[in-house]
Amino acid sequence: MASSGATKDVIHWHRTAAAAPLCKTLTTNTVADFVVVGGGLTGNRTALGLAEAGARVVVLEGKHLGFGASGRSGGQCNPIWRATPDELGQRLGAPLAERLIAATLSSADRLFADIETYGVTCDAAQNGWVQAAHCRPAHRSLERLGAAWNAVGANITMQDRAATQRMSGSNAYDFSLFHPLGGHVHPLSLTRGFARAAQGFGAELFENSPVQAMHQSDGVWTVITPQGSVSAPQVILTTNAYSDDLWPKLRQTFFPLVSVSLATAPLSSNMQANVLPGGVTIADTRRAIYYARYDRDHRLIFGCVGSTDNAADFGGVARLKEGLGIVFPQLKDIPIEATWAGRIAVTPEMMPHMHEPAPGVLAGLGFSGRGIAMTSVMARTLVKKALGAPDDTLPFAVSPVQPLPMHWAFRKLIPLAAPAMTLRDKIDTLFNRG
């Protein structure tokens, strides 16, 4: 059962983010060319692209900008899928797969270029990403993955145990891939920076304005909030793991898993020389994945899979601390300043979905742990689609909204998934190390 005396989460990014742009609550009835529902990374980057193209854009956020995953993630830019290019080709067909592969290979560079172009202050660092194998089968899978992506133009380095240890400071892994284009950002600052840039091109952003209903009449959608409404020919839904029942069955197309994180006290110079010494990020192949990176003040941000919106539930914080001790035993006594949780939308394919459930309605969601890099890819795709680009020019297919079978049952079992995955990972490591 869930813990009863858990301390209240403190979302570290809220303590250290760049100032939020000024946003009011919608209290009038207004009109626009596009209304974007959801003020996270996807929504604000979409609004930025549309406003820069000259459209009148309104963003409606039910709470505050970056409330959901965009203000709670690890902030790691991991610019590659878990599938190989050949697997993408078999799943999607060659033309679409080729477009997606090209977008993937450029995703990290384009994100960091956007940060520079729009003057976003988000502690961006493109120092690379270590993707580490936690057991022998994962080692073999990573070798295949790296070779397959290198064959289509990636520049991934295979690293043995010694090289992995030198780059990561961890003795927990015998093999890894190094992705030089990876990096990390302050996710809430990135969200706010895109929002501020969108405002600079004329977009109107409203917080504390939850959308309660939407209906269409004569080709115009009216989106209704408690104190106002927006009428526009097109609505774009970017609520990701925090989607509700606004659009029927959309929330049944993914599993709302949970990521839990901690922030240590700032590490000393000696510690920094022995933990992620080059400022890289790291994530491993566990089912209950361990990941880590620094913030700007040299705190280590460390995360894994959790159970609920309270990080401590079902032993979440205990698993975090145990994982920190496994990956970086030199930090086993480091003080912990904050722990928090956030939902991530995971699809069965571990790939995002783009939907057009009705004329004038688009949705993009389901980033499955690749949100920092791929929300921008999705946002640019939504902008192109909304402005009339043909589907056969886009890197994501337009797919129907298809509820997952037995979704209600899986949702009930999700809190148990993290302990179960952690147990499987321990078994893998025990019997398949090396």
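Above: the structure in question.
The paragraphs below set out a description of the structure included in this document. Predicted model only: the values in this text are computed from it and were never measured.

Here we take up the overall build of the protein. Scanning the protein for helices and strands turns up eleven helices and 21 strands. Here the C-alpha radius of gyration of the protein, 21 Å, is about what a compact globule of 434 residues would show, namely 22 Å. The principal-axis extents of the C-alpha atoms in the protein amount to approximately 65 × 50 × 45 Å. For the protein, with 434 residues in total, the buried portion stands at 56%. The long-range share in the protein, meaning contacts at least 24 apart out of those at least 6 apart in sequence, stands at 76%. On the protein, roughly 17,300 Å² of surface is accessible, and the fraction owed to carbon and sulfur atoms is 55%. Across the protein, the mean location of the 38 positive side-chain charges is 5 Å away from that of the 33 negative side-chain charges.

Turning our attention to the sheet that holds strand β12 (residues 229-232). Strand order in this open sheet of four strands is β1-β12-β11-β10, and the pairing throughout is mixed. Strands with a single pairing partner mark the edges of an open sheet, and in this sheet they are β1 (29-31) and β10 (213-217). In this sheet, neighbouring strand axes are inclined to one another by 20 degrees on average, regardless of whether the strands run parallel or antiparallel. Pairing of β10 with strand β11 (residues 220-224), which is carried by five bridges, proceeds in the antiparallel orientation. By the bridge assignment, Ala213 is partnered in β11 with Ile224.

For the rest of this paragraph, the subject is the pattern of salt bridges. Counting across every chain of the model gives 19 salt bridges. With its nearest N and O atoms 3.4 Å apart, the salt bridge here joins Glu204 to Arg56. Taken together, the residues span a long stretch of sequence, with Glu204 in strand β9 (residues 204-206) and Arg56 in the loop between α2 (41-52) and β3 (57-60) at a distance of 148 residues. Of the charged contacts, one joins Glu322 and Lys426 as a salt bridge, the two residues approaching to 3.1 Å between their closest N and O atoms. Taken together, the residues span a long stretch of sequence, with Glu322 in helix α9 (residues 316-327) and Lys426 in helix α11 (residues 407-431) at a distance of 104 residues. Assessed through its relative accessible area of 35%, Glu322 is described here as partly exposed. For Lys426, a relative accessible area of 41% gives the class partly exposed. Counted as one network, the salt bridges with shared partners bring together Arg15, Asp123, Asp295, Arg296, Asp297, Arg299 and Glu337.

Every second residue of β3 is oriented toward a common face, with Val57 and Val59 on one face and Val58 and Leu60 on the other, all of them buried. In this structure, strand β2 (residues 34-37) lies alongside β3, joined through four bridges in parallel fashion. The partner of Phe34 across the bridge, within β3, is Val57. Note on the crossover from β2 through α2 to β3: the handedness is right-handed. Across three bridges, the pairing between β3 and β9 is parallel. The partner of Val58 across the bridge, within β9, is Glu204.

A word on unusual backbone geometry. Within the chain, Asn208 stands out as a residue other than glycine whose phi angle is a positive 50 degrees. Relative to the assigned elements, Asn208 resides in the loop between β9 and β10. Of the residues examined, Asn208 reaches a relative accessible area of 47% and is grouped as partly exposed.

What follows covers the environment of Val120. Tracing the sequence through the fold places Val120 in the loop between α4 (94-117) and β5 (129-133). For Val120 and Met351, which are 231 residues apart along the polypeptide, the C-alpha to C-alpha distance reads 27 Å. Setting aside anything within four residues of it in sequence, one finds Val120 in contact with Ile115, Ser189, Leu190, Gly193 and Phe194.

A few words now on the packing of helix α3 (residues 85-92) against α4. For the pair α3 and α4, interaxial distance at closest approach is 7 Å and the crossing angle is 140 degrees. When the interaxial angle is binned, α3 and α4 end up oblique. Pair α3 / α4 crosses with right-handed handedness. Residues Pro85, Leu88, Gly89 and Leu92 of α3 lie in contact with α4, whose contacting residues are Ala94, Leu96, Ala97, Leu100 and Ile101. Within the contact of α3 with α4, the residues separate by chemical class into eight nonpolar, one polar and no charged.

Ordered by their spatial adjacency, seven strands build an open sheet running β9-β3-β2-β13-β20-β19-β21, and the pairing between neighbours is mixed. Strand pairing shows two members of the sheet lacking a second neighbour, β9 and β21 (398-399), which therefore form its edges. Packing against the sheet, helix α10 (residues 371-386) makes contact with β2, β13 (234-237), β19 (353-358), β20 (361-365) and β21, and its axis sits at approximately 165 degrees to β20.

Before going further, it helps to spend a moment on the side chain of Thr339. In this structure, Thr339 sits in strand β18 (residues 336-346). For Thr339, a relative accessible area of 11% translates into the label buried.

So, how was this worked out
- Residues numbered from 1 in each chain as written.
- Predicted model: local features only at pLDDT ≥ 70, side-chain atom pairs only at ≥ 80, totals over all residues.
- Heavy atoms only, no water.
- Helix = DSSP H or I, 4+ residues; strand = E, 2+ residues; numbered from the N terminus.
- Rg over C-alpha atoms; globule rule 2.2 N^0.38 Å.
- Buried < 20%, exposed > 50% of the residue type's maximum accessible area, 1.4 Å probe, protein only.
- Contact = heavy atoms within 4.5 Å.
- Areas by Shrake-Rupley, 256 points an atom, 1.4 Å probe, with all protein chains shown as cover.
- Lys, Arg positive; Asp, Glu negative; His and termini not counted.
- Charge placed at Lys NZ, Arg CZ, Asp CG, Glu CD.
- Pairing = 2+ DSSP bridges.
- Axes fitted to C-alpha atoms, helices over the stretch in contact; angles between N-to-C directions.
- Salt bridge = Lys/Arg side-chain N within 4 Å of Asp/Glu carboxyl O.
- Right-handed = clockwise from strand over helix to strand, strands pointing away.
- Parallel < 35°, antiparallel > 145°, perpendicular 65-115°, else oblique.
- Left-handed = near helix turned anticlockwise from the far one by under 90°.
- Nonpolar A, V, L, I, M, F, W, Y, C, P; charged D, E, K, R; others polar.

Everything listed here is a matter of coordinates, which is why it stays silent on function.
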